[in-house]
Amino acid sequence: MKSSNRGVELSESPIRSLIPYARAAVAAGKEILHLNIGQPDIRTPKKALQKVLSIPDDVIAYGSSEGMESLRKRVAQYYEKFDIEISYENILVTTGASEAIQFSLFSCFDPGDEIIIPEPFYANYLGYTQMSGIHIVPVSTSFEQEFELPSTEAFYDAISPKTKAIFLCNPSNPTGKLYSKASLERLAKLVKDQNLFLIVDEVYREFCYDESFYSVLNIESIRDNVIVIDSISKVFSSCGARIGYVVTRNDDIIQAMVRYAQLRLCPPHFGQVLAEACYDECDEYLPEVKQEYSERRLYLYERLSQMEGVRTYKPTAAFYNVVVLPVDDAERFCKWMLTDFVYDGHTVMMAPCDGFYIDKSLGKKQVRIAYVLSKDKLAKAMDCLEAGLQAYNTSEHLVEVDAI
Ligand SMILES: Cc1ncc(COP(=O)(O)O)c(C=O)c1O
């Protein structure tokens, strides 16, 4: 028996092809410094974890499909910090932002519809749109312009009669770009004018280093068009808790989403208890975490700027950076770092950027670096990357690579 065609055709993660090489590197005794995934090394809020461990229930029963009312009210209260006035009834708890994305796509689109997304974008968006039968129309952003939001004209050019929505990730994974209030308000005019949904993934909202974060939920003129995706995975370093949210003032969309939510019964109970307790620790926990990421970002920027042939910029948000490397092919180089290179017992794993683009050629020399390691590990990783680039670019090596 064989799997379905759609199962076979579903896009793979950009690092999928590197995983066997990473496993072989570990088996060969190399330590891998993982700059390839968005799994933070920061501790989860301690008191919140203790709350989960002291759950008094004798039976972990199904809960409400919309999520625990007390958590939804707590999230609504948290949004006040961003001047967002929202009722808890406009917030649904989901199994991570991942499910919030799926609910949004299933609720706003029919198969055959089109969605406009600036590229490079978080690679899983591709899989979710494929699952929903939606076609992505990319608008390109460029390294040279530090991945600034495309012009309004570029968005207009991408619109067709099938376009239902624009989808953004703000702050952006993979670029670490924060979109300004002015650029979001410009886009809002187009969204209103063309009667589109504006879906924005804001899971990195707490990690903005130079300017403050502005949510599309603040734009009054498009109240009915906006859907926001959120999550505790990154903000509270709780990726395994699987708690996210979808937030919209559009009643039609909420009702459709509740129908999907009922199909999967309820979001995880332990995760919801953790999430609610995390918000109580916000003021104590988040400033320190943000400071730590900012220091890592500046260190990374300094080290990368000093490497011969490497092109970089100072990311303003999230914990990612797209870097142009002086190599023939970034994927080939990332693989080589795992298979052929070792520096003081370790090597570095990065995510080649072609998987974040629809037009793969745009990311051919780019990698995404996630600064989710402590500063001493980042220092080791940068030493290793610098030595790796020098070794890779020797003529001796190129002969070897060409012979593969
Ligand atoms: C932009 C973006 N959205 C969504 C997710 C998934 O989040 P969650 O763990 O809440 O499902 C990630 C995870 O890396 C992400 O980077």
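Since this is a predicted model, take the numbers as computed values, not measurements.

1. Things to note about the site of the ligand
Taken together, 13 residues form the shell around the ligand, and within it Gly96, Ala97, Ser98, Ser231 and Ser233 come nearest. A class-by-class count of the residues in the shell around the ligand yields five nonpolar, seven polar and one charged.

2. Structural notes on the confidence of the model for the protein
Mean pLDDT over the protein stands at 95; residues scoring 70 or higher make up 98%. The low-confidence segment residues 398-404, where pLDDT is below 50, has two contacts with residues more than four positions distant or belonging to other chains.

3. Side note on unusual backbone geometry
A cis amide bond links Glu119 with the next residue in sequence, Pro120, at an omega value of 5°. Relative to the helices and strands, Pro120 resides in the loop between β3 (114-119) and α6 (124-131). Following Asn170, the chain continues into Pro171 via a peptide bond in cis, with omega recorded as -10°. One non-glycine residue, Asp83, adopts positive backbone phi at about 60°. Relative to the assigned elements, Asp83 resides in the loop between α4 (69-79) and β2 (91-94). Look at Asp83 and you get exposed, because 10 C-beta atoms sit within 10 Å.

4. With respect to the domain arrangement of the protein
Looking at the assigned domains, one finds that the protein contains domain 1 (5-43 + 284-403) and domain 2 (46-282). Relative placement of domain 1 and domain 2: their C-alpha centres are 27 Å apart. Every contact between the two is made by 36 residues of domain 1 and, on the other side, 33 residues of domain 2. Taken together, the elements giving at least two residues each to the side of domain 1 that touches domain 2 come down to α11 (282-305), β9 (320-324) and β12 (366-370). A total of seven residues in the side of domain 1 that touches domain 2 trace back to one element, the largest contributor, which is α11.

5. Examining the sheet that holds β12
On the basis of which strands lie adjacent, the open sheet formed by three strands has the order β9-β12-β11 and antiparallel pairing. The open sheet has two edge strands with one neighbour each: β9 and β11 (351-352). As judged from the five bridges shared by β9 and β12, these two strands associate in the antiparallel manner. When the bridges of β12 are listed, Val323 appears paired with Val367.

Parameters at a glance
Residues numbered from 1 in each chain as written. Predicted model: local features only at pLDDT ≥ 70, side-chain atom pairs only at ≥ 80, totals over all residues. Near = placed C-beta within 6 Å. Nonpolar A, V, L, I, M, F, W, Y, C, P; charged D, E, K, R; others polar. pLDDT = per-residue confidence, 0-100. Contact = placed C-beta atoms within 7 Å. Helix = DSSP H or I, 4+ residues; strand = E, 2+ residues; numbered from the N terminus. Buried ≥ 20, exposed ≤ 12 C-beta atoms within 10 Å, placed from the backbone. Domains from an automatic or database assignment. Pairing = 2+ DSSP bridges.

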